[in-house]
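So you can see what is in the structure, the chains are spelled out below.
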Amino acid sequence: MLKLHDLAAEFDDLDDREKLETLMDFSETLPDPSGKHGLLRGDETCRVQECQTPVYMWIGINEGKTELEADVPRSSPTVRGLVSLIVEGIQGAPPREVLELPDDLLPLLKLESVLGMTRRQGVRGMIARIKRELIAALDESSL
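Bear in mind the structure is a predicted one, so any value in this text is a computation, not a measurement.

Here is what the cut-offs are and how they apply
Residues numbered from 1 in each chain as written. Predicted model: local features only at pLDDT ≥ 70, side-chain atom pairs only at ≥ 80, totals over all residues. Heavy atoms only, no water. Core = buried A, V, L, I, M, F, W, Y, C linked by side-chain atoms within 4.5 Å. Buried < 20%, exposed > 50% of the residue type's maximum accessible area, 1.4 Å probe, protein only. Helix = DSSP H or I, 4+ residues; strand = E, 2+ residues; numbered from the N terminus. Contact = heavy atoms within 4.5 Å. Salt bridge = Lys/Arg side-chain N within 4 Å of Asp/Glu carboxyl O. Expected span 1.5 Å × (residues − 1). Arc of directions from axis to C-beta.

(A) Highlighting the nonpolar core. Within the largest apolar cluster, 38 residues are counted, with the highest numbers of intra-cluster contacts made by Met57, Val83, Leu111 and Ile130. Mapped by element, the contributors of at least two residues to this core are α1 (4–8), α2 (16–27), β1 (56–62), β2 (65–71), α3 (77–90), α5 (106–109) and α6 (117–141). Those residues in contact with Ile130 that lie beyond four places of it in its chain are Met57, Ile59, Leu68, Ile86, Ile90 and Val98.

(B) Structural detail: the pattern of salt bridges. Applying the stated criterion across every chain, the model contains eight salt bridges. Here Asp103 and Lys131 are joined by a salt bridge, their closest N and O atoms 2.8 Å apart. Highlighted residues: Asp103 in the loop between α4 (95–99) and α5 and Lys131 in helix α6, separated in sequence by 28 residues. Here Lys131 falls in the buried class, since its relative accessible area comes to 12%. Ionic pairing is found between Glu133 and Arg129, a salt bridge with its closest N-O pair at 3.9 Å. Of this pair, Glu133 and Arg129 both sit in helix α6, four residues apart, which is roughly one turn of the helix. Accessibility expressed as a relative area gives 31% for Glu133, which makes it partly exposed. One connected set of salt bridges, linked through shared partners, spans Glu28, Asp32 and Arg74.

(C) Quick look at α3. Taking 1.5 Å per residue as the helical rise, α3 with its 14 residues ought to reach 20 Å, and the 20 Å between its terminal C-alpha atoms agrees with that figure. Burial analysis of α3 places 12 of its 14 residues in the buried class, which makes it a mostly covered element. Buried within α3 we find Thr78, Val79, Arg80, Gly81, Leu82, Val83, Ser84, Leu85, Ile86, Val87, Gly89 and Ile90. Residue Gly92 follows α3 closely and has a positive phi angle near 85 degrees.

(D) Structural detail: the side chain of Thr22. Turning to its location among the elements, Thr22 is positioned in helix α2. Among residues more than four places away in sequence, those in contact with Thr22 are Glu10, Phe11 and Leu14.

(E) Local environment of α2. Its 12 residues place the ends of α2 17 Å apart at the C-alpha level, agreeing with the 16 Å of an ideal helix rising 1.5 Å per residue. For α2, the complete set of buried residues consists of Lys19, Thr22, Leu23, Phe26 and Ser27. Within α2, the buried residues cover an arc of 155 degrees as seen down the axis, which keeps them to one side. In this fold, the buried residues of α2 make contact with α1 and α3.

(F) Region of the structure containing unusual backbone geometry. At Glu63, a position not held by glycine, the phi torsion is positive, near 55 degrees. Residue placement: Glu63 occurs in the loop between β1 and β2. For Lys110, which is not glycine, the phi torsion reads 60 degrees and is therefore positive. Mapped onto the secondary structure, Lys110 falls in the loop between α5 and α6. Under the relative-accessibility criterion, Lys110 is labelled partly exposed at 29%.

Following this line, the structure appears as structure tokens:
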């Protein structure tokens, strides 16, 4: 089940400063990559090009559920928090639910007032990549 909507509720009724603090808290919860898909950091095939901060993602489907791993430097806590929120929010969800997410997640997460255009483009890039990879994995599994 998609948990992103539940996580977004954590930002309800928070002012902008509190939203950023909550996002920083999420930066501490991003799991380290397992290594079972190789090293993410430095693998340009895993790099989300739309992000100024180096963001590396592996996306797949395992037993009918979305599987996602990401690596973001700890020196970029805002982006790391966003990525952690996305990973936690869609990990284990049915791919079809993930594909129904809006391309711009910031309004859903109630973060559009605290993050600028550059980060918005980066989040759009992450979501677009996740959707592309899931569609490819679904197509591959139907062969």
